[in-house]
Amino acid sequence: MRQTRSVEIGTGLFVLLGMSSLFFLTTQTTGGDDFKAESVYTVEARFENVGSLRQRAPVTMSGVTIGRVTDVAFDPVALEAVVHFVVDAQFDRIPDDTDASILTSGILGSQYIGLQAGGSDMYLEDGSEILFTQSAIVLENLIGKFLVSSGGSDKESD
Amino acid sequence: MRRSVQDIYENATDFLRTFGAFQLFFLRLLRFSPGILVSRFDLVVKQVYNTGALSLVIVMVCGLFVGAVLALQAYSNMSMFNAEDWTGVAAAFALVKELGPVMTAILFAGRAGTALTSEIGLMKATDQLSAMEMMAVNPVRRVLVPRFLGGVIAMPLLAAIFSGIGLFGAHLIGVELFQVDVGSFWQQIQLTLDIDDINEGIIKSVVFGVAASLIAVWEGYNTVPTAEGVGRATTRTVVITAIAVLVFDFMITAAMI
């Protein structure tokens, strides 16, 4: 009897430890989803170039995550990228002339949308579109431009 | 000349026959599994204890040191690029996707698989399995299936514990020893690791659990019933499990990429 008891306690302990490890791995090490909202509204923004912006990328304002990109599509008529993102409904006083730009966290980090508040009295609401956008900075283009311009200045100095 | 051709032919058919018998054996275990899970769950619990709870110490100690050494290696390489914050990410990816399941499966083969094989092999050598048959008790159902199920249940839990403790070891080295910022260490892990990565680790550990338990039980059941035979069967369990685990690991990784 005593032997079965210790076996059962040992097994229970082992399974509990295993389950809590699984729980720890699935909840604590993944996601990093610091965006949890009860209700949201969807905003649209059009960009010339979205770079490597992907679904679930954060939307931030003053560095705080207030939303998340829901989809990135291509408009075949206007020939530009259409990005839809949701914003937590508690931030309902964002001016509608707010500027959206695609930024990179660090040099090699992932891309996100940064919002820069405007000064309008009208606020963004469900279905509104951000008119002022700034495309992603593509590192290759930047390096290309830098090389071309530095080459040019060399010739001028000659 | 004719002898050798015939030898090759016989070897090939022998191999095929063993392989086929192995598959049929697996199906037999699977067929009895639901019944045992329902009617004799106590036997399965006993085996989860034998294979899982008793392997805890070795898995935890190894996990701690593997995590720590991963962090050491990652830190010394990452610091070349001033990317020390990624120490945790490197360790976490390696642990969760590869080393957790693989190392645990190999440790499992060494700690639990050999115990299963020698136990069943000795039962066979001392005619206990035959005695059961005489009493109209099916030894596959009564002895093998609970041991197989115990291993299958224990293995994913052990792998999760290995990865969890390993991350703790990486934290000790990265944060406590090398003073990587604790916030960026864990946030970098959370931002980079996806639920799919965890799932890959879980799928691997389940597959390895089935493979390791199946091989251990099979080798035990087919032991040559002598002292030497039990020893050989135990060795074969470890060798075959290690090979099977690494081959499966490659195939699953290739399929999931």
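Look above for the structure.
Remember, predicted model here, so these are calculated numbers, not experimental data. (Residues numbered from 1 in each chain as written. Chains lettered and ligands numbered in written order. Predicted model: local features only at pLDDT ≥ 70, side-chain atom pairs only at ≥ 80, totals over all residues.)

## Thoughts on the packing of helix α3 (residues 56-78) of chain B against helix α6 (residues 139-177) of chain B
Residue and element names in this part refer to chain B.
Right, on to step 1. Look at α3 against α6: their axes get within 6 Å of each other, and the N-to-C directions meet at 45 degrees. One way to sum up the angle between α3 and α6 is to call them oblique. The two elements α3 and α6 meet at a crossing, and its hand is right-handed. The residues of α6 that touch α3, namely those facing V59, M60, G63, L64, F65, V66, G67, A68, L70, A71, L72 and Y75, are L158, I161, F162, I165, G166, L167, F168, G169, A170, L172, I173 and G174.
Right, on to step 2. Looking at the contact of α3 with α6, its residues break down into 19 nonpolar, five polar and no charged. (Axes fitted to C-alpha atoms, helices over the stretch in contact; angles between N-to-C directions. Helix = DSSP H or I, 4+ residues; strand = E, 2+ residues; numbered from the N terminus. Parallel < 35°, antiparallel > 145°, perpendicular 65-115°, else oblique. Left-handed = near helix turned anticlockwise from the far one by under 90°. Contact = placed C-beta atoms within 7 Å. Nonpolar A, V, L, I, M, F, W, Y, C, P; charged D, E, K, R; others polar.)

## Re the pairing of strand β2 (residues 58-61) of chain A
Residue and element names in this part refer to chain A.
Right, on to step 1. Sheet topology note: the β2/strand β3 (residues 64-75) ladder contains four bridges and is antiparallel. Residue M61 lies in a different strand from β3, and its bridge partner there is V64.
Right, on to step 2. Where β2 hands over to β3, the hairpin turn is made up of two residues, of which S62 adopts a positive phi near 55 degrees.
Right, on to step 3. Where β2 and strand β6 (residues 111-116) come together, three bridges link them in parallel fashion. By the bridge assignment, M61 is partnered in β6 with L115. (Pairing = 2+ DSSP bridges.)

## Thoughts on the interface of chain B and chain A
Right, on to step 1. Counting residues at the interface gives 24 residues for chain B and 18 residues for chain A.
Right, on to step 2. Elements supplying a minimum of two residues to the side of chain B that touches chain A: α2 (41-51), α4 (87-125), α6, α7 (182-192) and α8 (195-221) of chain B.
Right, on to step 3. Counting residues per element, the side of chain B that touches chain A draws most heavily on α6 of chain B, which supplies seven residues.
Right, on to step 4. Across the side of chain B that touches chain A, the residue classes break down as 17 nonpolar, five polar and two charged.

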